[in-house]
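Each chain is listed here by its residues.
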Amino acid sequence: MTAQLPGAFAQRMKELLGPEYEQFIDTYQQSPYGGIRANTLKIAVDGLRERSPFTLEPIPWCPSGFYTGEGARPGKHPYYHAGLYYIQEPSAMAPVELLDVQPGDRVLDLCAAPGGKSTQIAAKLQGEGLLVSNDLHPERTKALAKNLELYGVRNGIVLNERPERIAAAFPGFFDRILIDAPCSGEGMFRKDEDMVRQWEPGTPDKYAEMQREILRAAASALKPGGTMVYSTCTFAPEENEEMIAGFLSGHPQFSLVPVGGTGPFAAGLGRLPGAARLWPHKVKGEGHFMAVLRHDGSDGAERETSETGAAVNGATVTDTLENVKAGNDRRERTLPAAPRSKAGKTDFHSKAVPGKENYGRGGKGGRGSGHGSGSGSGRAGTGPGPQSQRTGGEAIAFAVYADFIQELLGTQPPGHAIWFGDHLYLSPLPREALDGLKTVRPGWYVGQIKSGRFIPGHPLATALRPEECSRSVSLSSAGGEAVSYLKGETLSIPAERLSIKEGHAYKGYTLVCIDGFSAGWGKWQDGLLKNEYPAGWRWT
């Protein structure tokens, strides 16, 4: 590390750590640790360990996480582009482990970009339940959406909203909420020297005000009896223990679940030893703070919701789901032909900046950019409704899609069909549940109608397994053909290499896999595989 630590920061750390300060300060002369996390939506942990081309060492607090050795370049291997692992700072894997996500849960990742923790949550859901991933900054939601797509997430929704608006639309709705809060980023100084240069003595106080607002909104969106994990990548007590102590004093229905002092987690400071710390001089990772907050099951969270403001468009998602159960299901209305940018309107792919508040990102553990998708088969999603419920134009478009999917997959994936112009998403929630929210991705993007034909989307491919598809081909990562495909090249593939289900033709869209793991589409005809890998995702 070449940047000099701010004097005020060093003095505060000396006071906090006492005799441990010298050990702490020595870590700034060491290289940061690299890590990857197995994407268990695609590959088992043991399977990645067996296939990995580089040495892996288990990370103590994450069963699916591994340290990578010095000099390893996991981003330059075809397995990365097939979504088999996420490149992530080791300490950043801890908060989701403490959240204890179970298949079928409704989970909100409130400050989600670039998506590392969301992909970790999605892997724990295993395609069941619901994941809502939100980030306030429009530009950062692009990486968030692409990472969810690369890693094969079928039951995810991406929002670009303020926390209080999400709380108003989803009061008392989520089983688990992750708040990986924007912070002063002190724990990342060794990894990102720009954070050092941006830090000022008043930086922690600036972020603390934002964190209080985010915690308050999250509490309103949590289901009675639910669990929240609050995490930062900073050392500042005012953003950590003091923040949680203040929250608990104002929210008696919450309690702190003690995790500090267990396993690799050091105890929290001061009055909150039950909170958890990861210190860089005690573990192989950067600095992190975590607090697990449990709701006692009373209806206090729902009462608080009324104080945060009126629900979006006068209705909450709970109201919408009740209407669906009662048979008043209008989930397949065609979306408007273009985004609507006025406040309070659904705005898929919107680039508008929401609100005046500008929650600075600050420090965030985790890293990676990618591509991906997934499908909603959990309790929040149901299959498309009867054709009689659709408009004439939409019914024609859906029929084209249904014929294509029947030929390609043999069955229709579950989810609420949401049309955006000629583009189709399968969502784990009905469209009405998202009305009024700035929605970047309403669900799993499956493709578009173009010139009367259905063109499958790349996220459809990345979330499929080869056994689900009528045509597939597997390229070897050991030779050059996988890289050639990822570069966008046309490949010579003899018919005998294709895996074809009985009764299906060889010609047509083919799921292209790398060592058996889906990576994208190709179109096979007469021994040639035309490349359909997106230009913006290609190997460089």
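Residues numbered from 1 in each chain as written. Predicted model: local features only at pLDDT ≥ 70, side-chain atom pairs only at ≥ 80, totals over all residues. Heavy atoms only, no water.

**Focus: the sheet that holds strand β3 (residues 62-68)**
Line of reasoning, step 1. Spatial strand order, β2-β3-β1-β4: four strands in an open sheet with antiparallel pairing. The outermost strands of the open sheet, each flanked by one partner alone, are β2 (56-59) and β4 (85-87). On average, adjacent strands in this sheet sit at an angle of 35 degrees to one another, irrespective of strand direction.
Line of reasoning, step 2. The pairing of β2 with β3 spans four bridges and is antiparallel. Counted as the bridge partner of L56 is T68 from β3.
Line of reasoning, step 3. Where helix α6 (residues 116-125) meets the sheet, its contacts fall on β1 (34-38), β3 and β4, and the angle it forms with β1 comes to roughly 30 degrees. (Pairing = 2+ DSSP bridges. Helix = DSSP H or I, 4+ residues; strand = E, 2+ residues; numbered from the N terminus. Axes fitted to C-alpha atoms, helices over the stretch in contact; angles between N-to-C directions. Contact = heavy atoms within 4.5 Å.)

**Details of the packing of helix α10 (residues 203-221) against helix α11 (residues 241-250)**
Line of reasoning, step 1. Look at α10 against α11: their axes get within 11 Å of each other, and the N-to-C directions meet at 40 degrees. With respect to α11, the axis of α10 lies oblique. Between α10 and α11 lies a crossing of right-handed hand. Of the residues in α11, those in contact with A208, Q211, R212, L215 and A219 of α10 are M243, I244 and F247.
Line of reasoning, step 2. Residue composition of the contact of α10 with α11, by class: six nonpolar, one polar and one charged. (Parallel < 35°, antiparallel > 145°, perpendicular 65-115°, else oblique. Left-handed = near helix turned anticlockwise from the far one by under 90°. Nonpolar A, V, L, I, M, F, W, Y, C, P; charged D, E, K, R; others polar.)

**Comments concerning the pattern of salt bridges**
Line of reasoning, step 1. A complete count under the given rule lists 21 salt bridges for this structure.
Line of reasoning, step 2. With a closest N to O distance of 3.2 Å, K124 and E97 form a salt bridge. Here K124, found in helix α6, pairs with E97, found in helix α5 (residues 94-99); they are 27 residues apart in sequence, far enough to count as distant. (Salt bridge = Lys/Arg side-chain N within 4 Å of Asp/Glu carboxyl O.)

**Notes on the layout of surface pockets**
Line of reasoning, step 1. Here the second largest pocket is characterised by a volume of approximately 420 Å³.
Line of reasoning, step 2. Looking at the lining of the second largest pocket, the elements that each hand over two or more residues are α14 (392-409), β19 (453-456), β23 (508-514), β24 (517-525) and β25 (528-531).
Line of reasoning, step 3. At four residues, the largest contribution of residues to the lining of the second largest pocket is made by α14.
Line of reasoning, step 4. Class assignment for the residues of the lining of the second largest pocket results in eight nonpolar, three polar and seven charged. (1 Å grid on protein atoms, 1.4 Å probe; cavity = no way out; pocket = protein on both sides within 12 Å on 5 of 7 lines; lining within 4 Å. Points joined across faces, edges and corners; volume = space filled by probe spheres on them.)

**Comments concerning helix α7 (residues 138-150)**
Line of reasoning, step 1. Between its first and last C-alpha, α7 extends 19 Å over 13 residues, near the 18 Å set by a 1.5 Å rise per residue.
Line of reasoning, step 2. Looking at α7, one finds that the buried residues are P138, T141, L144, A145, N147, L148, E149 and L150.
Line of reasoning, step 3. At the C-terminal side of α7, G152 shows a positive phi close to 75 degrees. (Expected span 1.5 Å × (residues − 1). Buried < 20%, exposed > 50% of the residue type's maximum accessible area, 1.4 Å probe, protein only.)

**What to know about the environment of V153**
Line of reasoning, step 1. Relative to the assigned elements, V153 resides in the loop between α7 and β7 (156-159).
Line of reasoning, step 2. Along the sequence, V153 and A463 sit 310 residues apart, while their C-alpha atoms lie 6.4 Å from each other.

**Some points on the nonpolar core**
Line of reasoning, step 1. In terms of nonpolar packing, the biggest core is built from 41 residues, with F174, I177, I179, L215, M228 and I244 touching the most fellow members.
Line of reasoning, step 2. Looking at this core, the elements that each hand over two or more residues are β6 (130-134), β7, α8 (163-169), β8 (174-180), α10, β9 (222-232), α11 and β13 (288-295).
Line of reasoning, step 3. The element best represented in this core is α10, accounting for seven residues.
Line of reasoning, step 4. Apart from residues lying up to four places away in sequence, I244 is in contact with L215, Y230, L256, L272, F289, A291 and L293.
Line of reasoning, step 5. I43, F54, L486 and Y533 belong to the second largest nonpolar core, which has 34 residues in total. (Core = buried A, V, L, I, M, F, W, Y, C linked by side-chain atoms within 4.5 Å.)

**Here we look at the sheet that holds β23**
Note on sheets: strands pair through backbone hydrogen bonds, and any given pair is parallel or antiparallel.
Line of reasoning, step 1. Taken in spatial order, the six strands line up as β21-β25-β24-β23-β20-β22 in an open sheet, and their pairing is mixed. If you trace the sheet from one side to the other, it starts and ends with β21 (491-492) and β22 (499-500), each paired once.
Line of reasoning, step 2. As defined by bridge partners, β24 adjoins β25 across four bridges and the pair is classed as antiparallel. Opposite W524, over in β25, you have L529 as the bridge partner.

**Details of the confidence of the model for the protein chain**
Line of reasoning, step 1. Averaged over all residues, the pLDDT of the protein chain is 86; the fraction at 70 or higher stands at 82%.
Line of reasoning, step 2. The model gives residues 324-361 a pLDDT under 50, and that stretch makes 108 contacts with residues more than four places away or in other chains. (pLDDT = per-residue confidence, 0-100.)

**Notes on a positive patch on the surface**
Line of reasoning, step 1. Together, R453, K507, K523 and K530 line one region of the surface with positive charge.
Line of reasoning, step 2. Mapped onto the secondary structure, R453 falls in strand β19. (Patch = residues over 30% accessible without salt bridge, like charges linked within 9 Å, V, L, I, M, F, W, Y side chains within 5 Å. Areas by Shrake-Rupley, 256 points an atom, 1.4 Å probe, with all protein chains shown as cover. Lys, Arg positive; Asp, Glu negative; His and termini not counted. Charge placed at Lys NZ, Arg CZ, Asp CG, Glu CD.)

**Considerations on the packing of aromatic side chains**
Line of reasoning, step 1. Tallying each qualifying case throughout the model produces 24 aromatic pairs.
Line of reasoning, step 2. Measuring from centroid to centroid gives 5.3 Å for F24 and F235, while their planes differ by 85 degrees, and the two rings are edge-to-face. One end of the pair, F24, is in helix α2 (residues 21-26); the other, F235, is in the loop between β9 and α11, and 211 residues separate them in sequence. Here the two residues F24 and F235 agree in accessibility, since each one is buried.
Line of reasoning, step 3. Aromatic pair Y425 and Y445: ring centres 5.1 Å apart, planes at 55 degrees, arrangement tilted. Of the two residues, Y425 sits in strand β16 (residues 423-427) while Y445 sits in strand β18 (residues 444-450), which places them 20 residues apart along the sequence. As far as burial versus exposure is concerned, Y425 and Y445 are alike and both buried.
Line of reasoning, step 4. Here the guanidinium or amino end of K284 rests over the ring plane of Y67, the centre of that ring lying 4.8 Å away. (Phe/Tyr/Trp six-rings, centres within 6.5 Å; stacked < 30°, edge-to-face > 60°. Lys NZ or Arg CZ within 6 Å of the ring centre and 35° of its normal.)

**Things to note about unusual backbone geometry**
Line of reasoning, step 1. The step from A113 to P114 runs through a cis peptide bond, and the omega angle for that step is 5 degrees.
Line of reasoning, step 2. Within the secondary structure, P114 sits in the loop between β5 (106-109) and α6.
Line of reasoning, step 3. In this model, S451 sits at a positive phi of 50 degrees, which is unusual for a non-glycine residue.
Line of reasoning, step 4. With respect to the helices and strands, S451 occurs in the loop between β18 and β19.
Line of reasoning, step 5. Located in the positive-phi region is D526, a residue other than glycine, with phi close to 50 degrees.
Line of reasoning, step 6. Take D526: it is sitting in the loop between β24 and β25.

**Quick word on the state of the cysteines**
Line of reasoning, step 1. Applying the stated criterion across every chain, the model contains zero disulfides.
Line of reasoning, step 2. Take C183: it sits in no disulfide, and the sulfur closest to it among the cysteines is that of C233, at 3.6 Å. (Disulfide = S-S within 2.5 Å.)

**Points about the pairing of β23**
Line of reasoning, step 1. With seven of seven residues buried, β23 is to be regarded as a mostly interior element.
Line of reasoning, step 2. In terms of strand pairing, strand β20 (residues 471-475) meets β23 through four bridges, oriented parallel. Bridging across to β23, L475 finds its partner in I514.
Line of reasoning, step 3. The hairpin formed by β23 and β24 contains two residues between the paired strands, and D515 there has a positive phi angle of roughly 50 degrees.

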